[in-house]
Amino acid sequence: MKQTILIVDDEESIVRLLAFNIEKAGYLIDVARDGHQAIKKAKQHAYDLIILDILLPGIDGLSVCTHLREHRIETPILMLTAKGTEHDKVLGLDLGADDYLTKPFSLKELLARMRAIMRRAYREGRVHGKAVHVGDLIIYPDRFEAEKNANILTFTRKEFELLYYLAIHQGQVLSRERLLKDVWDYDFAGDTRIVDVHISRLREKIESDSKHPVYIKTVRGLGYKMEAATP
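Just so it is clear, the structure is predicted and the values come from calculations on it, not from any experiment. (Residues numbered from 1 in each chain as written. Predicted model: local features only at pLDDT ≥ 70, side-chain atom pairs only at ≥ 80, totals over all residues. Heavy atoms only, no water.)

1. What about the nonpolar core?
Defined as follows: What is meant by a nonpolar core is a set of buried Ala, Val, Leu, Ile, Met, Phe, Trp, Tyr and Cys residues, joined one to another through side-chain atoms within 4.5 Å. With a 1.4 Å probe rolled over the protein chains alone, any residue whose accessible area is under 20% of its type maximum counts as buried; one over 50% counts as exposed, and the rest are partly exposed. Segments assigned H or I by DSSP are reported as helices when at least four residues long, segments assigned E as strands when at least two residues long, and all are numbered from the N terminus. Contact definition: two residues touch when any of their heavy atoms are within 4.5 Å.
One finds I139, L166, L179, I206, I216 and M226 to be the most contacted residues of the largest nonpolar core, which totals 28 residues. For this core, the secondary-structure elements that each account for two or more residues are strand 6 (132-134), strand 7 (137-140), helix 6 (157-168), helix 7 (176-183), helix 8 (193-206) and strand 11 (223-226). Sort the elements by how many residues they give to this core and helix 6 lands first, with eight residues. Excluding residues that lie within four positions of it along the chain, I216 makes contacts with L166, I199, L202, R203, I206, E207, Y224, K225 and M226. With 20 residues, the next largest nonpolar core counts L6, A38, I77 and M79 among its residues.

Dropping the structure here:
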């Protein structure tokens, strides 16, 4: 299940540039051309991130951000604008934006900021608190719990962060190194055995038979993959 990014900008060249590079990085994208459309889409869809320009026709980006936060929409927001003064940055963050990037920008930095924002948001269970279904397993990020066959499963915080990360990337093979980086925030080579230990603990809790897992599969030589159980 790929993560979906909403791009809110009225400059066609910027939209094309962002859309091409974000899709190339493995994400799905949607586009809103003005503030009204951005608000409507953000209320109707559970995006993983909103890239929001301040200078928009109709309702400006700061007002969009304010409106979404007032209506308890906690989707992470990355402000993207030509404005670069300290006042504008502080105001955007005070209104509820998660980060701020000034045009012109480096695409490499943009993607890095996106990943960092979404990692923080998933750890906090902020992305609409939307439940994730993996077969008959239901994962609740707002409660740090899962449910299977009407039974509530509880986890340590790190176990849950790992489970949720696997679930939102279900079907994808995830290396131990990537899991260390994105779940543990290790930006250096670390001991990957910590991943294996937590995977083992998760299997004990969610699998009917932890020695023959059907949800979290080991992909030999590559890492782990989560998928719906099959009969």
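2. Description of the pattern of salt bridges
Under the convention used in this document: One speaks of a salt bridge when a side-chain nitrogen belonging to Lys or Arg is within 4 Å of a carboxyl oxygen belonging to Asp or Glu.
Taken as a whole and judged by the stated rule, the model has 17 salt bridges. One salt bridge connects D182 with R119, and the closest N-O pair in it is separated by 3.5 Å. Here D182, found in helix 7, pairs with R119, found in helix 5 (residues 107-124); they are 63 residues apart in sequence, far enough to count as distant. Residue classification places R119 among the buried positions, given a relative accessible area of 13%. Linking E161 and R157 is a salt bridge whose minimum nitrogen-to-oxygen distance equals 3.3 Å. Pair noted here: E161 and R157 are both in helix 6, with a separation of four residues, about one helical turn. Judged by its relative accessible area of 48%, R157 is partly exposed. Here the salt bridges share partners, and the residues they tie into one network are D9, E11, D53 and K103.

3. As for the pairing of strand 8 (residues 145-148)
Basically, it comes down to this: Following DSSP output, two strands are said to pair if at least two bridges run between them.
The alternating pattern of strand 8 places A146 and K148 on a buried face and E145 and E147 on a face that is not buried. Pairing between strand 7 and strand 8: four bridges, direction antiparallel. Bridge assignment links L137 to a residue of strand 8, and that residue is K148. Joining the antiparallel neighbours strand 7 and strand 8 is a turn of four residues, in which F144 adopts a positive phi near 55 degrees. As defined by bridge partners, strand 8 adjoins strand 9 (residues 151-154) across four bridges and the pair is classed as antiparallel. Within strand 9, the position partnered with K148 by the bridge is N151.

4. So, helix 1 (residues 12-24)
Residues separated by three or four positions in an α-helix point in the same direction, a consequence of the helix having 3.6 residues per turn. Using the following cut-off: Residue count minus one, scaled by 1.5 Å, sets the expected span of a helix.
Look at helix 1: 18 Å from first C-alpha to last across 13 residues, which is about the 18 Å you get at 1.5 Å a residue. Within helix 1, the full set of buried residues consists of I14, V15, L18, A19, N21 and I22. Directly beyond the C-terminal end of helix 1, a positive phi value near 105 degrees is found at G26.

5. Digging into the packing of aromatic side chains
The way to describe two aromatic rings as a pair is by their centre distance and the angle between their planes. Quick reminder of the rule: Note on aromatic pairs: the rings of Phe, Tyr and Trp (six-membered ring only in Trp) are paired at centre separations within 6.5 Å, and the planes decide the class, stacked below 30 degrees, edge-to-face beyond 60, tilted for the rest.
Taken as a whole and assessed by the stated rule, the structure comprises three aromatic pairs. Geometrically, the ring pair formed by F160 and Y164 is stacked, given 6.1 Å between the ring centres and 10 degrees between the ring planes. With F160 and Y164 both in helix 6 and four residues apart, this pair spans about one turn of that helix. Accessibility classification places F160 together with Y164 in one group, the buried group. Through pairs of rings, three or more aromatic residues link up here, namely F144, F155, F160 and Y164.

6. Describing the sheet that holds strand 3 (residues 49-53)
Spelled out, the test is: With axes taken as lines fitted to C-alpha atoms, and helix axes fitted only over the stretch in contact, angles between N-to-C directions fall between 0 and 180 degrees.
With respect to topology, five strands assemble into an open sheet ordered 2-1-3-4-5, the strand pairing being parallel. Since the sheet does not close on itself, it has two edges, and those belong to strand 2 (28-32) and strand 5 (99-102), each with one partner. Averaged over all adjacent pairs, the angle separating strand axes in this sheet is 20 degrees, with direction ignored. As judged from the five bridges shared by strand 1 (residues 4-8) and strand 2, these two strands associate in the parallel manner. Across the sheet, the residue bridging to V8 is A32, located in strand 2. The sheet strands contacting helix 2 (residues 35-44) are strand 1, strand 2 and strand 3, and the helix crosses strand 2 at an angle near 140 degrees. Strands in contact with helix 3 (residues 61-70) are strand 3 and strand 4 (77-81); relative to strand 4, the strand with the most contacts, it is inclined by about 170 degrees.

By themselves, these figures tell us nothing about what the structure is for.
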